Amino acid sequence: MNTIKVNDRATLDALYKNSALTFEGVTADEENITAVLTWVKNYTPLKREDVYVIEGSLMNREYNLTGDNAYPETNCTILCIKLDDMERPMAVTLPRFAVGGRWFDDVVDNNARREAEKNGNED
């Protein structure tokens, strides 16, 4: 297991481009990360056991999230696993709903849409 703390926009962009499997509001301790990896491995073998850890404060800063659309500045963790790191990523498509899994690009796009709506900039 390789835990990667995300602290830059380039890594966020790579996760976005990859539509990484994403879990919001989870703890990033070894026990929880192991549980997430085990869950994924129930559906598909992994090429790499890389788990990306993103703090809510980074999401707020990099995506200009404010007010009730912002993540808590502390004690808010997001975990991602790249689809490229899975042998059969489509195997998690439906099961992810049962455990609150989302795609990172959907998370970012939905946050951007909500931010635009509340600022009156609907496109």
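Here is what the cut-offs are and how they apply
- Residues numbered from 1 in each chain as written.
- Predicted model: local features only at pLDDT ≥ 70, side-chain atom pairs only at ≥ 80, totals over all residues.
- Heavy atoms only, no water.
- Axes fitted to C-alpha atoms, helices over the stretch in contact; angles between N-to-C directions.
- Helix = DSSP H or I, 4+ residues; strand = E, 2+ residues; numbered from the N terminus.
- Parallel < 35°, antiparallel > 145°, perpendicular 65-115°, else oblique.
- Contact = heavy atoms within 4.5 Å.
- Nonpolar A, V, L, I, M, F, W, Y, C, P; charged D, E, K, R; others polar.
- Buried < 20%, exposed > 50% of the residue type's maximum accessible area, 1.4 Å probe, protein only.

A. Fine view of the packing of helix α1 (residues 9-17) against helix α4 (residues 104-118). Here α1 crosses α4 at 110 degrees, and the two axes come no closer than 7 Å. It follows from the interaxial angle that α1 and α4 lie roughly perpendicular. Residues Leu12, Leu15 and Tyr16 of α1 pack against Phe104, Asp105, Val108 and Asp109 of α4. Across the contact of α1 with α4, the residue classes tally to five nonpolar, no polar and two charged.

B. Representation of helix α3 (residues 56-63) within the structure. When we look at burial in α3, the residues that qualify are Gly56, Leu58, Met59, Asn60 and Tyr63. Buried residues along α3 sit against α1, β3 (50-55), β4 (77-81) and α4. One or two residues past the end of α3 sits Asn64, with phi positive at roughly 55 degrees.

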